[in-house]
Amino acid sequence: MLRKAKFLLVANIVSWQGVAGLFYMGEMSSKTAMVSSGAALPGRSEKIGVSPVHTVLKNPTVPPFPGHLDTAMFGLGCFWGAERLFWKQKGVFSTQVGYSGGFTPNPTYKEVCTGQTGHTEVVRVIFDPKSITYSDLLKLFWENHNPTQGFRQGNDVGTQYISAIYTYGENQQTEATQSKDRYQQELTKSGFGTITTEITPAKEFYYAEDYHQQYLDKNKDGYCGLGGTGVACPRGLKTAK
C-alpha cells in the first residue's frame, strides 16, 4: 500500500465511524501534543481479539510463551514495517503489533490515530536470547528509523509515531540507555540532532486489530514507512551486569 493509500484507508475508517471529523477530536495541533491522562479517551474493558498463530513464524502470538524466551518492545514509526523487520531475524520466536505507553485501555486504531489515547504504535518481540541478543535488537531499532524527529517518522505525523523503547527489567533499561548515549555520539558526528527516543519501563501492551498483525505478510505490497539515518549503530554496546 502506498502512503496515499494508507491515508485513504484511515479516511475511510473515520468516515464510516461517523465521527464528524477526526479533526474535531484530533486536529494536527492535538495530534502533535501529548494528551494528558485526564483528557484521554475512556477506552473499554473488552480486549481486542487476534489470531493466536503468527502467519509467518507459525508460533503463538498470545501468552503463555516458552519460559526461556525474553520480551522486548519498540516503537519506530508505523508498526507494519517495524514488525516485519523483527520477524525476519533469526532467533525471534514471535512478533505482535499493538499500542502501549498511553492511557486508554484497549484502544482501537481509529482512537489511537486521533492522538487522544497517548499510545505509541509498537511491536512486541518475543526472542531467544541465546540466538539473538537484546543488543542485536537495539542495533536494528536504532538503524531502521530516525530517532531525532519527535512526534513523527518521515511523513507519518502524530504522537503515536514517537521513537520509543519500552523495557522489561533493569538490565534492559540500562542497556537501552547506554545504547542511546553511544548512538547519539555517532549521530552528532554525522550532523543529526538530539535523540528524542522515550526509554521507560514497559506499560501494558494492547493488541492492535487482527488485520494489522503481520500486515506486510497479508499485504505483500503494503506500505512500509521504515527509513533510517544511514548512521551505523556501534557494536559492542555495554551490557548491564
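Residues numbered from 1 in each chain as written. Predicted model: local features only at pLDDT ≥ 70, side-chain atom pairs only at ≥ 80, totals over all residues. Heavy atoms only, no water.

A. Region of interest: the overall build of the protein chain. From N to C terminus, the protein chain includes 8 helices and 8 strands. In the protein chain, once contacts between residues fewer than 6 apart in sequence are set aside, the share between residues at least 24 apart is 80%. Total accessible area computed for the protein chain in this model is approximately 11100 Å², and 55% of it derives from carbon and sulfur atoms. (Helix = DSSP H or I, 4+ residues; strand = E, 2+ residues; numbered from the N terminus. Contact = heavy atoms within 4.5 Å. Areas by Shrake-Rupley, 256 points an atom, 1.4 Å probe, with all protein chains shown as cover.)

B. Region of interest: the pattern of salt bridges. A full pass over the atoms with the stated rule returns 5 salt bridges. For Lys47, the salt bridge goes to Glu204, with nearest N and O atoms at 3.6 Å. Separated by 157 residues along the polypeptide, Lys47 in the loop between helix H3 (28–31) and strand E1 (70–76) and Glu204 in the loop between strand E7 (198–201) and strand E8 (206–207) bring together distant segments of the chain. (Salt bridge = Lys/Arg side-chain N within 4 Å of Asp/Glu carboxyl O.)

C. Just the nonpolar core, in detail. Phe74, Phe86, Val125, Tyr134, Leu137 and Ile165 are the most contacted members of the largest nonpolar core, which totals 25 residues. If you list the elements that add at least two residues to this core, you get E1, helix H4 (79–87), strand E3 (120–127), helix H6 (134–143) and helix H7 (170–189). Of all the elements, H6 adds the most residues to this core, at 6 residues. Aside from chain neighbours lying at most four places away, what touches Phe86 is Phe74, Leu76, Val92, Thr95, Val123, Val125, Leu137, Leu140 and Phe141. If you look at the next biggest cluster of nonpolar residues, it comprises 14 residues, including Val97, Tyr109, Val112 and Tyr215. (Core = buried A, V, L, I, M, F, W, Y, C linked by side-chain atoms within 4.5 Å. Buried < 20%, exposed > 50% of the residue type's maximum accessible area, 1.4 Å probe, protein only.)

D. Up close: the sheet that holds strand E6 (residues 163–167). The sheet built from 6 strands is open, its strands ordered E7-E6-E1-E3-E2-E8 with mixed pairing. Looking along the sheet, the strands with just one partner apiece sit at the ends: E7 and E8. With 4 bridges connecting them, E6 and E7 associate as parallel partners. Considered in E7, the bridge of Ile165 is made with Ile199. Packed on one face of the sheet, H6 meets E1, E3 and E6 and runs near 10 degrees to E1. (Pairing = 2+ DSSP bridges. Axes fitted to C-alpha atoms, helices over the stretch in contact; angles between N-to-C directions.)

E. Broad picture of the confidence of the model for the protein chain. Chain-level pLDDT for the protein chain is 89 on average; 85% of the residues reach the 70-or-more range. Note on residues 1–27: pLDDT under 50 across the span, and 37 contacts to partners over four residues away in sequence or across chains. Segment residues 237–241: pLDDT under 50, and 10 contacts once partners within four positions in sequence are set aside and those in other chains are kept. (pLDDT = per-residue confidence, 0-100.)

F. Representation of H6. Within H6, 8 of the 10 residues are buried, which leaves the element mostly enclosed by the surrounding structure. Among the residues making up H6, those that are buried are Tyr134, Ser135, Leu137, Leu138, Lys139, Leu140, Phe141 and Trp142.

G. Highlighting the pairing of E6. Among the 5 residues of E6, 5 are classified as buried, and the element is accordingly described as predominantly covered. Here E1 runs beside E6; their pairing, made up of 4 bridges, is antiparallel. Paired with Leu76 across the strands is Ser163, a residue of E6. In this region the chain leaves E6, passes through H7 and returns to the parallel neighbour E7; the handedness of that crossover is right-handed. (Right-handed = clockwise from strand over helix to strand, strands pointing away.)

H. Layout of unusual backbone geometry. Omega for the peptide link from Pro63 to Pro64 comes to 5 degrees, which places this bond in the cis form. Looking at the element boundaries, Pro64 is found in the loop between H3 and E1. Unlike most non-glycine residues, Lys58 shows phi in positive territory, near 65 degrees. In this structure, Lys58 sits in the loop between H3 and E1. Overall, Lys58 belongs to the exposed group, its relative accessible area being 60%. The phi torsion at Gln214 lies on the positive side, around 50 degrees, for a residue other than glycine.

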